[in-house]
Amino acid sequence: MTSLAVLPGDGIGPEVMAEVLKVHTVVGDVFGIDLAVDVLPYDADWYLTRGAAGFDAQEVRRRYRAVLLGALGDPRVPDNRHAKLIIGGLRQDLDLCVNLRPVRLRTLRHCPLRHVGAESEVDLVIVRENTEDVYVGVGGTVRSGQPEQVAMEVGVHTRRAVDRAVRAAFEIARARPRRRLTLVDKSNAMPAAGPLWQQCFRAAAAEYPEVHTDHLYVDAAAMELIRNPARFDTVVTSNLFGDILSDEAAQLAGGLGVAPSASYDPADTGFRGVFESVHGSAPDLAGTGRANPLASIMSYSLMLDRMELPAAHAAVERAIDEVLRGDLLTPDLGGTARTGEVGDEVCRAIARGKEERR
Ligand SMILES: NC(=O)c1ccc[n+]([C@@H]2O[C@H](COP(=O)([O-])OP(=O)(O)OC[C@H]3O[C@@H](n4cnc5c(N)ncnc54)[C@H](O)[C@@H]3O)[C@@H](O)[C@H]2O)c1
């Protein structure tokens, strides 16, 4: 049965996705997992040739159990319209209300902060609301080009979406050893959205007494991530704040080359979600062999977890740990290895792990 839709995308997307597919083949062999793959052509070339027609997120959900996405972004497409159409279509049409962005330091030397003394000090999950805020497209420009020009981007927050993101975050926090959840908002400057987030958070907190809760304004959270990352366990926040904080947090564990994400609807037990690196198509690296494939492989690993394949998920995680402790690393992590060499090393580590556990 065909089960996974793979969209390699633009720039370095196809290069990193090739490594994910190598890993998928090894995982299939080692764990006897039969998840057939369809590679779909939705990228900038497709958009430039065919226009917007032809992409149907609902059809993707009907046909596949999950989507693996490389990255979308191409200077030839004005405003990256194809990326908005495809990524926005998947997130909004399929109501993928949760965006999960885990950040875990696996080797101390990849953390740029001198005052971090142990890997365990950087181990957090950002739960980002994934369908609203300024990404809804409410707003516009009037008196364009004139001194009186007005530009408006409206942050939209609905109780339904906020409540779902918050409750998903409580579930995630409850399953983590520290059981700690921080609400990040800017309620001191946002008198409409702030109270809505706070109300939903308080209401859910009453149902999860085992989760320790606290609150930070987003500016303080940005500072605390650098000053004392160990204070964070699970974070829940709105779409825009989550977008920014997760890129900042990713740097604490080695940067965008090791930052994965999962977008999903916790209530959907059929379609498991869209799994993609946090990074974009990195046109500056495309074709150089210098792209780090680990963020996409980590996103694949999140997919295994969401598909409730714990042994395969654990094996891929162990393999990534092993690779990150070694020296075969791409230039973003201080090494000289090429994209394909890192992917091969992850595959070897998975196969070695299987031999050692026999
Ligand atoms: N979800 C997505 O598909 C997504 C996300 C972000 C940006 N984009 C798009 O990607 C294009 C490029 O955007 P950008 O340059 O702002 O962000 P980017 O994430 O592509 O690159 C930012 C920096 O990180 C480096 N980098 C990114 N991925 C890396 C990897 N795997 N290994 C090593 N280094 C890596 C790049 O070389 C660059 O210096 C734009 O068109 C943007 O709209 C797409």
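Only a predicted model underlies this, so the values are computations on that prediction, with no experimental measurement involved.

Caption draft 1: Here's a closer look at the site of the ligand. Lining the immediate surroundings of the ligand are 20 residues, of which Asn80, Gly280, Ala282, Asp284 and Asn292 lie closest. Residue alanine 282 places a main-chain N or O atom 2.8 Å away from an oxygen atom belonging to the ligand. Within the complex, the protein chains bury 65% of what would otherwise be the 800 Å² of accessible surface of the ligand. When grouped by side-chain class, the residues that make up the shell around the ligand number 10 nonpolar, 6 polar and 4 charged.

Caption draft 2: Here's a closer look at a nonpolar patch on the surface. On the surface, a nonpolar cluster with roughly 280 Å² of combined accessible area is contributed by Val136, Val138, Met152 and Val154. The topology assignment puts methionine 152 in strand 7 (residues 150–153).

Caption draft 3: Examining the environment of alanine 337 more closely. Mapped onto the elements, alanine 337 comes out in the loop between helix 10 (310–325) and helix 11 (339–356). Sequence separation between alanine 337 and alanine 291 is 46 residues, and the spatial gap between their C-alpha atoms is 9.6 Å. If we skip the residues at most four places from it in the chain, alanine 337 touches Gly289, Leu328, Leu329, Thr330, Pro331 and Val342.

Caption draft 4: Structural context of the domain arrangement of the protein. Segmenting the protein into domains produces domain 1 (1–107 + 255–358) and domain 2 (112–118 + 156–252). Computed over C-alpha atoms only, the centres of domain 1 and domain 2 are separated by 25 Å. In this complex, domain 1 contributes 14 residues to the contact, which on the side of domain 2 involves 13 residues. Between domain 1 and domain 2 the total buried area reaches about 1,000 Å² when both faces are included, carbon and sulfur atoms providing 59% of it. Residues arginine 164 and aspartate 95 are paired through a salt bridge, measuring 2.9 Å at the closest nitrogen-oxygen approach.

Caption draft 5: Structural context of the packing of helix 5 (residues 159–175) against helix 6 (residues 193–207). Axis separation between helix 5 and helix 6 bottoms out at 9 Å; the angle between their running directions is 40°. The orientation of helix 5 relative to helix 6 falls into the category oblique. In this structure, helix 5 crosses over helix 6, and the sense of that crossing is right-handed. Packed against helix 5, whose contacting residues are Arg159, Val162, Asp163, Val166, Arg167 and Phe170, the element helix 6 presents Leu196, Trp197, Gln199, Cys200, Phe201, Ala203, Ala204, Ala205 and Glu207 at the interface. Grouping the amino acids of the contact of helix 5 with helix 6 by side-chain chemistry returns 10 nonpolar, 1 polar and 4 charged.

Caption draft 6: Spatial organisation of the side chain of serine 281. One can find serine 281 in the loop between strand 12 (274–277) and helix 9 (294–306). Within polar-contact distance, the side chain of serine 281 engages the backbone oxygen of glycine 73 at 2.7 Å. For serine 281, the residues in contact, after removing those within four places along its chain, are Asp10, Gly11, Ile12, Ala71, Leu72 and Gly73.

Caption draft 7: Fine view of the pattern of salt bridges. Across all of its chains, the model carries 31 salt bridges by this definition. In this structure, the salt-bridge partner of aspartate 74 is arginine 76, at a minimum N-O distance of 3.0 Å. Arginine 76 sits in the partly exposed class, given a relative accessible area of 46%. A salt bridge links arginine 348 to glutamate 345; the nearest nitrogen and oxygen atoms lie 2.6 Å apart. Linking arginine 348 with glutamate 345, this pair stays in helix 11, spanning 3 residues, or about one helical turn. The partly exposed category is assigned to arginine 348, whose relative accessible area is 43%.

Caption draft 8: Representation of unusual backbone geometry in the model. With a phi angle near 50°, asparagine 80 is a residue other than glycine that sits in the positive phi range. Turning to its location among the elements, asparagine 80 is positioned in the loop between strand 3 (66–71) and helix 4 (81–93). In this structure asparagine 80 comes out as partly exposed when scored by relative accessible area, which is 28%.

Caption draft 9: Highlighting the pairing of strand 4 (residues 98–104). Counting buried residues along strand 4, 5 of its 7 residues qualify, which places the element largely inside the surrounding structure. Across 7 bridges, strand 4 lies against strand 5 (residues 123–129) in antiparallel orientation. Each bridged residue has a counterpart across the sheet, and for asparagine 99 the counterpart in strand 5 is arginine 128. As judged from the 3 bridges shared by strand 4 and strand 11 (residues 260–264), these two strands associate in the antiparallel manner. Of the residues in strand 11, the one forming a bridge with asparagine 99 is serine 263.

Caption draft 10: Main features of the side chain of aspartate 265. Mapped onto the elements of the fold, aspartate 265 is located in the loop between strand 11 and strand 12. A polar side-chain atom of aspartate 265 sits 2.9 Å from the main-chain amide nitrogen of alanine 267.

Caption draft 11: Local environment of the packing of aromatic side chains. Following the criterion strictly, the structure yields 4 aromatic pairs and no others. Ring centres of phenylalanine 170 and phenylalanine 201 lie 5.3 Å apart, and the angle between their planes is 40°; this geometry places the pair in the tilted category. Of the two residues, phenylalanine 170 is situated in helix 5 and phenylalanine 201 in helix 6; the sequence distance between them amounts to 31 residues. For phenylalanine 201, a relative accessible area of 7% puts it in the buried group. Three or more aromatic residues link up through ring pairs in this structure, and these residues are Tyr42, Trp46 and Phe55.

Rules used in this analysis
Along each chain, the written sequence defines residue order, and numbers are assigned to residues from 1. Local features in a predicted model are, by the rule used here, given only for residues with pLDDT of at least 70; side-chain atom pairs are given and counted only at 80 or more, and totals for whole chains, interfaces and linings are based on all residues. The basis for every side-chain value is the complete set of heavy atoms in the structure, and neither hydrogens nor water enter the calculation. The cutoff for a nearby residue is simple: one of its non-hydrogen atoms must lie within 4 Å of the molecule or strand. Each polar contact in these results corresponds to two N or O atoms within 3.5 Å; when the atoms are within protein, one needs to be able to donate a hydrogen and the other to accept it, and residues that are neighboring in sequence are counted only if both atoms are side-chain atoms. In this description, accessible areas are obtained by the Shrake-Rupley approach with a 1.4 Å probe, and a residue is regarded as covered only by the protein chains that are shown. Gly falls in the polar group here, along with every residue not listed as nonpolar (Ala, Val, Leu, Ile, Met, Phe, Trp, Tyr, Cys, Pro) or charged (Asp, Glu, Lys, Arg). Nonpolar side chains (Val, Leu, Ile, Met, Phe, Trp, Tyr) are joined into patches within 5 Å and like charges within 9 Å, using only residues with over 30% relative accessible area and no salt bridge. Here, a salt bridge means any side-chain nitrogen of Lys or Arg that lies within 4 Å of a carboxyl oxygen of Asp or Glu. By definition, any uninterrupted DSSP run of H or I lasting at least four residues is a helix, any uninterrupted run of E lasting at least two residues is a strand, and each is numbered from the N terminus. Residues are treated as being in contact if the distance between any of their heavy atoms lies within 4.5 Å. What counts as a domain boundary in this text is fixed by an automatic or database domain assignment. Summed over both partners, buried area is the accessible surface (1.4 Å probe) that two parts give up on being assembled. Fitting a line to C-alpha atoms yields each axis, with helices limited to the stretch in contact; the angle taken between N-to-C directions then spans 0 to 180 degrees. These descriptions rest on fixed angle ranges, namely under 35 degrees for roughly parallel, over 145 for roughly antiparallel, 65 to 115 for roughly perpendicular, and the rest for oblique. Handedness of each helix crossing follows the sense of rotation of the near helix against the far helix: counterclockwise by less than a right angle gives left-handed, clockwise gives right-handed. Buried means the residue's accessible area, taken with a 1.4 Å probe over protein chains only, is under 20% of the maximum for its type, while exposed means over 50%, and partly exposed covers the values in between. In this scheme, strands are said to pair when DSSP sees at least two bridges between them. Pairing of aromatic rings covers Phe, Tyr and the six-membered ring of Trp, with a centre-to-centre limit of 6.5 Å; geometry is then stacked below 30 degrees between planes, edge-to-face above 60, and tilted otherwise.

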